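# Observations on chain architecture
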Amino acid sequence: MADMSAVDVGTAVELLGKIKFFDGLPPAYLRRISELVREETYQAGEIIFAEGDRGDKFYVVLSGAVRVSRMVPGVGEEALSVLREGDHFGEMSLIDDSPRSAHVLAHEACRLLVLSREDLEDLLFIDRDLAYDLLWNLVRTLTLRLRETNNRATFLALASKF
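What counts and how
- Residues numbered from 1 in each chain as written.
- Predicted model: local features only at pLDDT ≥ 70, side-chain atom pairs only at ≥ 80, totals over all residues.
- Heavy atoms only, no water.
- Buried < 20%, exposed > 50% of the residue type's maximum accessible area, 1.4 Å probe, protein only.
- Helix = DSSP H or I, 4+ residues; strand = E, 2+ residues; numbered from the N terminus.
- Arc of directions from axis to C-beta.
- Contact = heavy atoms within 4.5 Å.
- 1 Å grid on protein atoms, 1.4 Å probe; cavity = no way out; pocket = protein on both sides within 12 Å on 5 of 7 lines; lining within 4 Å.
- Points joined across faces, edges and corners; volume = space filled by probe spheres on them.
- Nonpolar A, V, L, I, M, F, W, Y, C, P; charged D, E, K, R; others polar.
- Axes fitted to C-alpha atoms, helices over the stretch in contact; angles between N-to-C directions.
- Parallel < 35°, antiparallel > 145°, perpendicular 65-115°, else oblique.

## As for helix α3 (residues 117-126)
- Turning to α3, its buried residues are R117, L120, L123 and L124. In an axial view of α3, the angular spread of the buried residues amounts to 125°, which keeps them on one side of the axis. For α3, exposure combined with an orientation more than 90 degrees from the buried face picks out E118, F125 and I126.
- Residues of α3 that are buried make contact with α2 (27-34), β7 (103-116) and α4 (128-159).

Below you can see the structure in the form of structure tokens.
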């Protein structure tokens, strides 16, 4: 089970400012978002969330590493990626109510900055300018991930022909 604690706003602003997902947001916006985040810590091997769980949080890796994987019937765990400091995950849960599409486990002991969808929705409802800028960043992030997935799928399709 995760240990949760508050995060110093100044520290959170600095950390968020270094993350591509929040790229280009002015310090005032980062401060407002920072007031909503919490820190969670996990030991190596702990489950952060499982495929099929309700998605309601966005995460940023502060230290350590997490492993994103899917469970393949008859095969077991298929690791998709290992995320480290400055990487983020769970952004799809900020948009839709679909269940989590993968498992995320603590690959090694880690500290995560966590933003809940409910808190973010409240903030975006109040501050439309912040909402506009943040949602464009989200669109760019998802587009980049879709391109990477398309490139991997193309590579695998071509590789399977040989």
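## Let's talk about the layout of surface pockets
- In this structure, the largest pocket spans a volume of roughly 1100 Å³.
- What lines the largest pocket is a set of 35 residues, among which H88, F89, E91, M92 and R145 lie closest to the centre.
- Those elements giving two or more residues to the lining of the largest pocket turn out to be β4 (57-72), β5 (76-84), β6 (88-89) and α4.
- Top contributing element to the lining of the largest pocket by residue count: α4, with ten residues.
- Class assignment of the residues belonging to the lining of the largest pocket gives a composition of 13 nonpolar, eleven polar and eleven charged.

## Observations concerning the packing of α3 against α4
- Running from N to C, α3 and α4 cross one another at 120°; their axes reach a closest spacing of 5 Å. Classified by the angle between their axes, α3 and α4 sit oblique to one another. Of the residues in α4, those touching α3 at L120, L123, L124, F125 and I126 are R128, L130, A131, L134 and L135.
- Along the lines of polarity and charge, the residues of the contact of α3 with α4 split into nine nonpolar, no polar and one charged.

## What about the environment of T154?
- Following the sequence through the fold, T154 ends up in helix α4.
- Taking the C-alpha atoms as reference points, T154 and T11, separated by 143 residues in sequence, lie 41 Å from one another.

## Observations concerning the packing of α2 against α4
- It is at 11 Å that the axes of α2 and α4 come closest, and there the two elements cross at 95°. The angle between α2 and α4 places the two elements in the roughly perpendicular class. Residues Y29, R32 and I33 of α2 form the contact with α4, whose own contacting residues are D129, L130, D133 and L134.
- Residues of the contact of α2 with α4, tallied by class, amount to four nonpolar, no polar and three charged.

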